[in-house]
Amino acid sequence: MSNQPERRNRERVPCRLVCSYELTKSVDSNSVKFSEGHGHSINCSGSGMLLLLPEEVDQRQVLAIQVPSKVKKAQSTKLIEVCWTRLISVGAGVNMYLAGTRVLFELPFPS
């Protein structure tokens, strides 16, 4: 049994979805690198989600993700902040990254 305090303030439920994402990373003081890809949500709540990503992200980094919506039959766009990350080795020289995130903002669906 873990002695770590519970960090979640809402119950998480399994949520296996493919989510596309966009992020920026600082290369140096004068430039940034834009990247996009697809990650997998593992679980989610109203305030955050656990993602499995193919590239490393940093704590406090903000990502824009598109999450399929069952209710609206469309994708919702959310801005999320990375709270923590963990390296997962999935094979010889192949790594994935778990990222615990919290939702900062959800864009409204178009009318």
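See the structure printed just above.
So, how was this worked out
- Residues numbered from 1 in each chain as written.
- Predicted model: local features only at pLDDT ≥ 70, side-chain atom pairs only at ≥ 80, totals over all residues.
- Heavy atoms only, no water.
- Helix = DSSP H or I, 4+ residues; strand = E, 2+ residues; numbered from the N terminus.
- Buried < 20%, exposed > 50% of the residue type's maximum accessible area, 1.4 Å probe, protein only.
- Contact = heavy atoms within 4.5 Å.
- Areas by Shrake-Rupley, 256 points an atom, 1.4 Å probe, with all protein chains shown as cover.
- Salt bridge = Lys/Arg side-chain N within 4 Å of Asp/Glu carboxyl O.
- Pairing = 2+ DSSP bridges.
- Axes fitted to C-alpha atoms, helices over the stretch in contact; angles between N-to-C directions.
- Core = buried A, V, L, I, M, F, W, Y, C linked by side-chain atoms within 4.5 Å.
- Polar contact = N/O pair within 3.5 Å; in protein donor to acceptor, adjacent residues only side chain to side chain.

A. Geometry of the overall build of the protein. Counting its secondary structure elements, the protein contains zero helices and six strands. Across the 111 residues that make up the protein, the buried fraction comes to 33%. Intrachain contacts of the protein at a sequence separation of at least 6 include 50% that bridge at least 24 residues. By element, 51% of the accessible surface of the protein is carried by carbon and sulfur atoms, the whole surface being about 7,800 Å².

B. Spatial organisation of the pattern of salt bridges. According to the stated counting rule, one finds two salt bridges in the structure shown. The partner of Arg60 in a salt bridge is Glu81, and the shortest N-O contact between them spans 3.6 Å. Separated by 21 residues along the polypeptide, Arg60 in the loop between β3 (48-53) and β4 (62-69) and Glu81 in strand β5 (residues 74-91) bring together distant segments of the chain. On the basis of relative accessibility, which here comes to 64%, the residue Arg60 falls in the exposed class. Glu81 sits in the buried class, given a relative accessible area of 11%. Residues Arg102 and Glu81 are paired through a salt bridge, measuring 2.7 Å at the closest nitrogen-oxygen approach. Here Arg102 is found in strand β6 (residues 94-106), whereas its partner Glu81 is found in strand β5, with 21 residues between them in sequence. On the basis of relative accessible area, Arg102 is assigned to the partly exposed category, the value being 40%.

C. Local environment of the side chain of Ser20. By the element assignment, Ser20 lies in strand β1 (residues 13-28). Judged by its relative accessible area of 19%, Ser20 falls in the buried class. Beyond its immediate stretch of four places on either side in the chain, Ser20 contacts Gly37, His38, Ala64, Ile65, Gln66 and Gln75.

D. Spatial organisation of the sheet that holds β1. Read once around its circumference, the closed barrel built from six strands follows the order β1-β2-β3-β6-β5-β4, with strand pairing classed as antiparallel. In this sheet, adjacent strand axes meet at a mean angle of 40° when their direction is disregarded. Alignment of β5 against β6, held across 12 bridges, turns out to be antiparallel. Residue pairing for β6: Val82 is matched across the bridge by Thr101.

E. Spatial organisation of the pairing of β4. The element β4 is extensively covered by neighbouring structure, given that six of its eight residues are classed as buried. Pairing geometry for β4 and β5, over eight bridges, is antiparallel. When the bridges of β5 are listed, Val62 appears paired with Glu81.

F. Representation of the nonpolar core in the model. In terms of nonpolar packing, the biggest core is built from 15 residues, with Tyr21, Met49, Leu53, Val57, Leu63 and Ile65 touching the most fellow members. Going through the elements one at a time, β1, β3, β4 and β5 are the ones with two or more residues in this core.

G. Broad picture of the side chain of Thr101. Of note, Thr101 is situated in strand β6. The class of Thr101 is buried, set by a relative accessible area of 3%. At 2.8 Å, the side chain of Thr101 and the backbone oxygen of Met49 are in polar contact. Every residue in contact with Thr101, bar those within four places of it in the chain, is listed here: Arg12, Ser47, Gly48, Met49, Leu51, Ile80, Glu81, Val82 and Cys83.

Any functional reading would require information beyond the geometric quantities listed.
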